[in-house]
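Survey of secondary and tertiary structure
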Amino acid sequence: MNRRVLLKQADGHSGVVFRSKPQSGVDSKNVLPNGTIAQLIGREGEYLKIQADGKVGYVKARNVKLIAETPAPKQQPAAPVAAPQPVAVPTPAASVEPLQAGSVVTFTINGMQHTIDTSKSDIPVDLSTHDWIAANIPNSGIRRSCGVGRCGSCVCSLSYTDNTLGKTVVRSFNSCLRPILACNGMHITTISGIGNAANPHPCQDALAKHSGTQCGFCSAGMVMNLYSKLTDNPSTKFTAAELDKSIDGNYCRCTGYRPILDAYKSFASDTESKTEEKTTTQKVFNATPLEKPTTNYKPIEAPQNFMAKPTTRLATTDSSGAQWFTATTQAELQTILKSLSTRAVIPKDVMKVAGHTSLGLYAGRKANVYVSIGNIPELSKCVFTQIGTQVTVGSTTTLTNMLSFFENAIKALGATSQKIKFLQRFVEHGMRSPGNNVRNTGTVGGNLMLAYEHQNDGLAFPLEWPMLFESVDATLNIVNAKTSTTSTVTFPQFYAITPDEMKFSFIHSINIPYSETGDVFVSYKTGARHIYSEAFASAAMKVNVAANGTITPGKTRMVFNGMGTTAARMTSLETAMDGMLVTDEAKFKSLVAIIQSTLKPAEKPEYRIQLCVSFFYKFFLGLQPNLPASLKSAVAPWNDKATTSGKQAFTPDPSEAPISMPIQKIDGLKQCTGEAEYIQNIPLTTGTIHGSIVWATQIGDFTLNPTVASGMPGFKGVITSADVPDNKSMLLASKKTLYVGQAIVIVLAATRQQASDCAAAFGVNYTQTTPAVIDLDVASQDKTRHMSSQSITEGDVEKEFATAPKVVTDTWDLGAQYHFHMETQSAYAMVGGEGGVVVHSATQMPVVVQQSVAAVLGQPASTVDIRNRRCGGGFGGKLTNSVTPACFAAVATNKTKLPVSIVYEQSDNMLGAGLRPPWKMVSKIAFTDTGKLTACQFTPFVGAGYTDADVGFSLQAFIGAMDNCYSVPNWNVVATAVKLDLPANTAMRAPGWLPGIFNAERVIATVARTLNMDPVDVRTVNFYKKNDVTPYKMPLAGWDIDSLWAKTKQAADYDNRKQQIADFNNSNKWVKKGLALVPSKFGVGYGGSAQENANMFDVNLIVNADGTISVMCGGTEIGQGLTTKVAQTIARALNVSMDLIIIVEQTTTVIGKTGCSDATGGSISSELTCWAARNACNNVNAALAPVRKLLPEGTWKEIVAKAYSLGISLTFQTNDQGVSPPSIGPHLYNTYGCVALECTMDILTGQVDFDLAEIVYDLGRSVNPLIDIGQVEGAFIMGLGLTVTEDINYYSNGFMRWWEYLIPTPWEIPTEMNVTLMKEIPNSITAGGGKACGEPPITCTYAAVEAIEKAAAAAATSLGKKAMASPSTPFTGELRMASSQFTTGDLTFN
């Protein structure tokens, strides 16, 4: 270890006992005086091995204090990196006193003080705040999903004295990133610290009342984000617009964000309470919010008191040898770094840590030495003067504080000042990346250091601040601790500093010059989504324009980013621009050629170069003194999003209450207070160990090499295929891997993070490898990879193709989609009674999991108990995907006889679990000159993965959805599953239905494009009529698309809107709008005509002696409101209050015993579980009938008590018997809906915004319209993700590039989103009269593709070209930009 230590007094002794052996007892020993300086050599248990007075021996660790190295003799200053410039580094304040080194960290959590003594508690020095809280604070309510700070589920609140602001702040932060050792003297608040269901905080109450929670896994983070903002600014009157943009670092996969935004905006100063507009048929809830906080809400409290400033600074070493030093002054930091530089063995990696948010970009990064610098006052000061020439920002200033500093400087300098142009742009750009929670703790210096460290390693992330600063000639003040010198350097000089020198140096501050008269400065960014997204390309451009319209030589800066390296200036372009007239279009085009020839992007070169050309064109348009009106909209660097709004319309029926009433979810408030339990929150029993999976990265023979992993801290063992009692299912690979992403071994360790670290270090050696085939286009051409298929024939397509006026072929791809349920795959196994096993499993199919666990253990199913209360999202991802983690945990417990917890990281979820499969669509269609379809031949291929076990159902569903709403007399369809060398793909929201309906809409669009017709007219021509029969023999007795179509057109003001869009497009060359109107017919079935009854779900209902009712549902609550609807059904059937009903945890010792599969999916689980519940209630009522005759005026509790006294059993387990499938066809009924969607697209960059979504659905008589509207909105936004942002990319070996996968944020949802539930045809089949709603709306999102295609077509037409149809979904920015077919020659100034 080779460190100096200070020997301190032992208890009751005048000195420190120095032993010859590391043990007590009779041995050679003496006493060293207190204050002796010794050299630390190593550690053995509670003893440290040291060298003192020339002797080597042992002392107890508690008698030793780490000290900084004795300063070396003063050296002559080394030559600076660059010629020194005037340095704006303030002298450290005299009041800043250095602190003594210590081993103790103290902080408070939810008002309770906690202390970690690192000399007595061996914790990893980089242990995250989340992991420490999860392991040590019961019922904290804290969650973890991604582990890299991108999803927001782990967000808590951090209170501390901010050195930049000089006051206490309350900031939301990602607890999965910040080390617990960096929280010394701070106060942490988790969701449980601000309220509970009995006494909720206003933020918790608001989110629940606005139905802002479905699965609930994101809810704690959403609440804490809002809580922190309001508590940090108790006197600020936020506007609705400000709060509407407050969610830029928190994901929600369920709700579609609208109700969460409503909850946020309910705290706005300019928001009025939502009123109700009554019409003759409907109740309409106006835009925002659903309910404004009233006097029932507690006021937002002031920040809680927290620890006083620490009196010691931490210096410690963990069992891996990693060290942590905390510096509290600049002098301490320089001393620490200097001492590190003079060690006999120089540390390989010294990481200066403030917020530690770099783990969000470079997950798993470890260092030998961590130096915490976030609490150094001298490094966090921001300075500006009105008469000066620059502002100075301290390097440890958080990004949030820096942006606030810029805003304050702008106000002080004045809106008309020439000095503020750079700062204004910085504020606008800085709010778009990274997310709010990262900005709150991430620092400007850390951002710049990441650019420095990865400039040449091929891993450069396109960070925005290095680009922005370099473009305005900002400089950095660098302190070299080794030489005690300070230099002011430019960015090129900064990047040129050697790594060895920078290791012991640090950025003190950044100097940003003011803008001057004539300066024009603009920055640009385009990513997969508006915010919190890696830039495909970004740029910052500055020129100084003289009064005569020429560009002042020497003052131009052109910096481009996203090319695969650190952002850099293009000096050749700058020089070529010197002295030119800004109106010189010919010169401009020659400059474009320089950009095209100079930039060398590592990936997507054509797209990234064209983006940079577009940025450059936009910049020059902004320089034009007389810009035509049609070009003005193109100048904006990006589209600014307006405040969201919406209304929800439905028709409740009070006579059926609580059925059909908008009732808050019964779990909603507990989800918002953190009291709702998920698998990862189950209190761990003593002895619990954790598992992490090693996934196959290649296909071939393999051998295991555990050497490195087995020597790591916390390692407990490994589970191989030999440990699986029955491995016929290939739970773990044996000798040979079959596909990329196959599980090879389970690594066991003491903690979740240690298990993950050990798994990452576990060695697998491959031989005899074969390339993985992961491309569906390639695999589909190899017939040996063709697996199962489904087909249907109706009429004679070949005859029609021979005679039809128009015959067209089309090929396109529907990309895969990842479920991204916020709760990852999770299982917790422990030994059960009588040699069995209990597995708490986050699953949608507990009975199947029970059977699978029993199979791999070789045990009877009766010895396996699967338990679950709820899932944090599912969408099909916790059907078969949930089986393997449950089996992993059970097998590990079977071997170790210890409780084993396995919780996937999001990366594991993406690498080792199946997705929505990709589809390759091949179509041949015939139609008339009026657009009437006469024949369709489809030969689609679906990427199954290594087995087609899960996609067979999707093939069937495709056949049942291929027609959507259109009557076509001739069909020939063959859908084929194709093997890919990836994990088995599986069901995801509307499996089979979505590709079938999307392909049908693609056919309509193809006809319209061929005939130059409006797709709306083509749809109308081809609509079914009532009582028509589909090619799969289903009569459409309930057809009501015609009325929904008319209602949607009316609600969207379609005809007027269409004309307004045409006028807009005629007036704007590079910004275009598109409008689509799309229907959906979604067939719902219960298992096929061979069954006499559905018999899929059961309910166990117990009426207790006190009248309360305990209910165990076979259907799983995954956020769809199943348990709430069951409670409503029971309350109605038994005529009792819902308060008496409690939903209890599922256990397979009870459910699934009536022949049910209890597999939740297909949007039918709620209605069938309600049916089973109603059957149970019928039995209860029958049992109580004689008692009611005895007590005709008795209350419910009196009647139940009497029944108990008479020995009448009130326990019933019933299934959904009585629900009969249709006599013909695969579907029992259809859910119908329509969507009108408008978009605005920047043709030059491909950025798209959705302005309006008008969603109209027939859900029969909705059991709970509040829940159903949430399902509609959530499904719709998930569909926008599929069609626009969620692009899956793979590394060459088949591993998914999971960091690049981006689901929608609130900035991607339609600005106005309205939902109307039409009460067209009540569904007599279901218990409450409703229809399936969780999946159908996603199938309407082909409207996004069509609206964008229309916008692109408008641009192409204005350029005299023909637009390109989207070749695939998602319709990415790259494809969108290319679809209009514009070229450099079209970039003109007029």
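Quick look at the packing of aromatic side chains now. What the rule picks out here adds up to 43 aromatic pairs. Ring geometry for phenylalanine 406 and phenylalanine 426: centres 5.7 Å apart, planes at 45°, overall tilted. Here phenylalanine 406 is found in helix H7 (residues 399-413), whereas its partner phenylalanine 426 is found in helix H8 (residues 421-430), with 20 residues between them in sequence. Take phenylalanine 406: its relative accessible area is 0%, and that puts it in the buried class. Relative to tryptophan 1299, the ring of phenylalanine 461 lies with its centre 6.1 Å away and its plane at 70°, an arrangement referred to as edge-to-face. Of this pair, phenylalanine 461 sits in the loop between helix H10 (444-453) and helix H11 (464-471) while tryptophan 1299 sits in the loop between helix H34 (1265-1285) and strand S53 (1312-1318), placing them 838 residues apart in sequence.

Turning our attention to the sheet that holds strand S23 (residues 485-489). Strand order in the open sheet formed by five strands is S20-S21-S24-S22-S23, and the pairing between neighbours is antiparallel. In the strand order of this sheet, the two ends are held by strand S20 (382-384) and S23, each with one partner. Between one strand axis and the next, the sheet turns through 20° on average, direction left out of account. Sheet analysis places strand S22 (residues 475-480) next to S23, joined by five bridges and oriented antiparallel. Within S23, the residue paired with valine 479 across the bridge is threonine 486.

The next subject is the pairing of strand S51 (residues 1229-1242). Among the 14 residues in S51, 14 count as buried, and that is most of the element. The alternating pattern of S51 places Tyr1229, Thr1231, Gly1233, Val1235, Leu1237, Cys1239 and Met1241 on one face and Asn1230, Tyr1232, Cys1234, Ala1236, Glu1238, Thr1240 and Asp1242 on the opposite face, and all of these are buried. In this structure, strand S45 (residues 1071-1084) lies alongside S51, joined through 14 bridges in antiparallel fashion. The residue bridging leucine 1077 from the neighbouring strand is alanine 1236, located in S51. Where S51 meets strand S52 (residues 1248-1258), 10 bridges bridge the pair, whose relative direction is antiparallel. Bridge pairing in S52 links glutamate 1238 to leucine 1252. If you look at the hairpin formed by S51 and S52, you'll find five residues sitting between the two strands, and glycine 1246 has a positive phi there, around 85°.

On to the nonpolar core, then. Phe560, Met577, Phe616, Phe620, Val853, Phe888 and Trp1070 are the most contacted members of the largest nonpolar core, which totals 243 residues. In terms of residue count, helix H16 (residues 605-623) provides more of this core than any other element does, 12 residues in total. Leave out the neighbours within four places in its chain, and phenylalanine 888 touches Ile693, Trp695, Leu731, Leu732, Ala743, Ile746, Ile902 and Tyr904. Residues Val391, Ile420, Leu450 and Phe461 belong to the second largest nonpolar core, which totals 47 residues.

Another point: unusual backbone geometry. Here serine 433 and proline 434 are connected by a cis peptide whose omega angle stands at -5°. When you line up the elements, proline 434 lands in the loop between H8 and helix H9 (436-441). Along the chain, threonine 1369 connects to proline 1370 via a cis peptide bond; the corresponding omega equals 5°. Inspection of the secondary structure puts proline 1370 in the loop between strand S54 (1368-1369) and helix H36 (1373-1379). Within the chain, asparagine 139 stands out as a residue other than glycine whose phi angle is a positive 60°. Tracing the chain through its elements places asparagine 139 in the loop between helix H1 (129-136) and strand S11 (155-162).

Across its 14 residues, helix H30 (residues 1054-1067) extends 20 Å between first and last C-alpha, which sits within 8% of the 20 Å expected from 1.5 Å per residue. Within H30 the residues assigned to the buried category are Tyr1054, Ile1061 and Asn1065. Looking straight down H30, one finds that the buried residues subtend no more than 35° of arc, so they occupy a single side. Exposed residues on H30 whose side chains face more than 90 degrees from its buried face are Asp1055, Gln1060 and Asn1066. Summarising the contacts, the buried residues of H30 are in contact with helix H28 (1015-1022), helix H29 (1041-1051), S45, S51 and helix H35 (1342-1358).

Rules used throughout
- Residues numbered from 1 in each chain as written.
- Predicted model: local features only at pLDDT ≥ 70, side-chain atom pairs only at ≥ 80, totals over all residues.
- Heavy atoms only, no water.
- Phe/Tyr/Trp six-rings, centres within 6.5 Å; stacked < 30°, edge-to-face > 60°.
- Helix = DSSP H or I, 4+ residues; strand = E, 2+ residues; numbered from the N terminus.
- Buried < 20%, exposed > 50% of the residue type's maximum accessible area, 1.4 Å probe, protein only.
- Pairing = 2+ DSSP bridges.
- Axes fitted to C-alpha atoms, helices over the stretch in contact; angles between N-to-C directions.
- Core = buried A, V, L, I, M, F, W, Y, C linked by side-chain atoms within 4.5 Å.
- Contact = heavy atoms within 4.5 Å.
- Expected span 1.5 Å × (residues − 1).
- Arc of directions from axis to C-beta.

Worth remembering: the numbers are spatial, not functional.
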